[in-house]
Amino acid sequence: LEFSRGSPPKFHIINLKELISEIIIILRYNDKVPLEAQFEEDIAPDQKILGDSDALKQAFNNLIFNALEASLARGDTKEPIRVQIYSGETSYQGKPYISVSVKDWGRGILPKDQNNIFHEFYTTKSAGTGLGLAVVKNIIESHNGKIDFETEPGRGSIFKVLLPRAHMP
């Protein structure tokens, strides 16, 4: 509904580390998240972005949960079930941005699916709606950001989000 409604975000300064930490705490209480799942987080405490915290929580929750599902689906590895979330500063179109990456250890995205994963109602999951990544892309773009991914079949995927750095006085 939020995707179709397209309501404008309510921007304020957000501490990225606090936002991601809150999502991980909430995921720990999700019945679908195994107790042995590991979330490895490497985000500097001073990274601030300008955005709508509710919308960004939804976007990063979707990305992190998708990464967890991908890692779980692999199933044929002795690797622990883990998701890595890390960030850094970068420049995009000549402006300061924060880069946030979410890495999974799943099977990767097949070449035949790569051009469609951000399209509405496209899913490779048996019980999926195909809205998760479309919603994520919509939210990130409404924040003047960008999302992309790298994948290697059999070795997992990395979703990279760029968001404008908040201008601090």
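Right above here is the structure, for reference.
Quick caveat, the model's predicted, so the values are computed rather than measured.

*Asks:* For this particular structure, what's the right way to read the pattern of salt bridges?
*Replies:* Charged atoms that come close allow side chains of opposite charge to pair. Within this structure, the stated rule accounts for 6 salt bridges. As a salt-bridge pair, Glu150 and Lys160 come within 2.8 Å of each other at their nearest N and O atoms. Of the two residues, Glu150 sits in strand 6 (residues 146-152) while Lys160 sits in strand 7 (residues 156-164), which places them 10 residues apart along the sequence. For Lys160, a relative accessible area of 30% translates into the label partly exposed.

*Asks:* Help me out: how do you make sense of helix 2 (residues 16-28) in this one?
*Replies:* Since the α-helix advances by 3.6 residues per turn, residues separated by three or four positions end up pointing in the same direction. Here helix 2 contains 13 residues, and its C-alpha end-to-end distance of 19 Å stays within 8% of the 18 Å for a straight helix at 1.5 Å per residue. Taken as a whole, helix 2 has its buried residues at Leu16, Leu19, Ile20, Ile23, Ile24 and Leu27. The buried residues of helix 2 all sit within an arc of 135 degrees when viewed along its axis, so they share a single face. Away from the buried face of helix 2 by more than 90 degrees, exposed residues Glu18, Ile25 and Ile26 are located. Structurally, the start of helix 2 carries an N-cap: the backbone nitrogen of Lys17 is 3.0 Å from a side-chain oxygen of Asn15.

*Asks:* It is not clear to me how the nonpolar core should be interpreted in this structure. Could you clarify?
*Replies:* Note on soluble globular proteins: their nonpolar side chains tend to be buried together. Core analysis: the biggest nonpolar cluster contains 38 residues, and Ile20, Leu56, Phe60, Leu63 and Phe159 have the highest contact counts within it. For this core, the secondary-structure elements that each account for two or more residues are helix 2, helix 3 (53-74), strand 5 (95-103), helix 4 (132-142), strand 6 and strand 7. The leading source of residues in this core is helix 3, at 9 residues. Contact partners of Ile20, with chain neighbours within four places excluded, come to Glu41, Ile43, Phe60, Ile64 and Ile85.

Procedures and definitions
Residues numbered from 1 in each chain as written. Predicted model: local features only at pLDDT ≥ 70, side-chain atom pairs only at ≥ 80, totals over all residues. Heavy atoms only, no water. Salt bridge = Lys/Arg side-chain N within 4 Å of Asp/Glu carboxyl O. Helix = DSSP H or I, 4+ residues; strand = E, 2+ residues; numbered from the N terminus. Buried < 20%, exposed > 50% of the residue type's maximum accessible area, 1.4 Å probe, protein only. Expected span 1.5 Å × (residues − 1). Arc of directions from axis to C-beta. Polar contact = N/O pair within 3.5 Å; in protein donor to acceptor, adjacent residues only side chain to side chain. Core = buried A, V, L, I, M, F, W, Y, C linked by side-chain atoms within 4.5 Å. Contact = heavy atoms within 4.5 Å.

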